[in-house]
Amino acid sequence: LSADMEYRKERGVGFARMTATEVMVGEIDGASLLQEYCKHCPNAVLGRDMEGRPVMYRRFHVGTCLSDLVKSGVSLENIARYNAWVLEGVLESMGQKGQW
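What you see is a predicted model; the values in this text were computed from it and never measured.

Parameters at a glance
Residues numbered from 1 in each chain as written. Predicted model: local features only at pLDDT ≥ 70, side-chain atom pairs only at ≥ 80, totals over all residues. Heavy atoms only, no water. Axes fitted to C-alpha atoms, helices over the stretch in contact; angles between N-to-C directions. Helix = DSSP H or I, 4+ residues; strand = E, 2+ residues; numbered from the N terminus. Parallel < 35°, antiparallel > 145°, perpendicular 65-115°, else oblique. Contact = heavy atoms within 4.5 Å. Nonpolar A, V, L, I, M, F, W, Y, C, P; charged D, E, K, R; others polar. Pairing = 2+ DSSP bridges. Salt bridge = Lys/Arg side-chain N within 4 Å of Asp/Glu carboxyl O. Buried < 20%, exposed > 50% of the residue type's maximum accessible area, 1.4 Å probe, protein only.

A.B. asks: Lay out the packing of helix 3 (residues 30-40) against helix 5 (residues 76-93) with the relevant residues and their values.
C.D. replies: Running from N to C, helix 3 and helix 5 point in directions that differ by 80°, and their axes come no closer than 12 Å. For the element pair helix 3 / helix 5, the angle class is roughly perpendicular. Along the contact surface, helix 3 presents L33, L34 and Y37, while helix 5 presents N78, I79, Y82 and N83. Of the residues that constitute the contact of helix 3 with helix 5, the class distribution is five nonpolar, two polar and no charged.

Spelled out as structure tokens, the structure:
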């Protein structure tokens, strides 16, 4: 847990108030990086099921080529940041506060 908190502090990861384009940082603008990421790994929160849990669609499978994504300008750091942002948003919408 302390290593995770240190990682977040070092990288300025405070996702709660960030937009998807703000999460994507790099040589080109965040909107372009996000568009490129979504071409390779489409994803969306589609709504909620009958019990109120978020329903999320993510296409990430054996045919997903991360090296092509990195060649297009999306760094592995951005891939990790974006996925953490998505998951934290889903957890926040569920009222998850942690279990420690």
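A.B. asks: Just give me the short version of the pairing of strand 2 (residues 54-58), but keep the residues and values in it.
C.D. replies: For strand 1 (residues 43-48) and strand 2, the ladder comprises five bridges, and the chain directions are antiparallel. What sits directly across from N43, in strand 2, is R58. Between the end of strand 1 and the start of strand 2, which pair antiparallel, lie five residues, with G52 showing a positive phi angle near 90°.

A.B. asks: Account for the pattern of salt bridges, with residues named and values stated.
C.D. replies: Counted according to the given criterion, the structure contains three salt bridges. Here D49 and R53 are joined by a salt bridge, their closest N and O atoms 2.7 Å apart. For D49, a relative accessible area of 26% puts it in the partly exposed group. Take R53: its relative accessible area is 43%, and that puts it in the partly exposed class. A salt bridge links R53 to E51, with the nearest nitrogen and oxygen atoms 3.7 Å apart. For E51, a relative accessible area of 64% puts it in the exposed group. If you follow the salt bridges from partner to partner, you end up with D49, E51 and R53 in one network.

Read these as layout, nothing more, since geometry by itself doesn't imply function.
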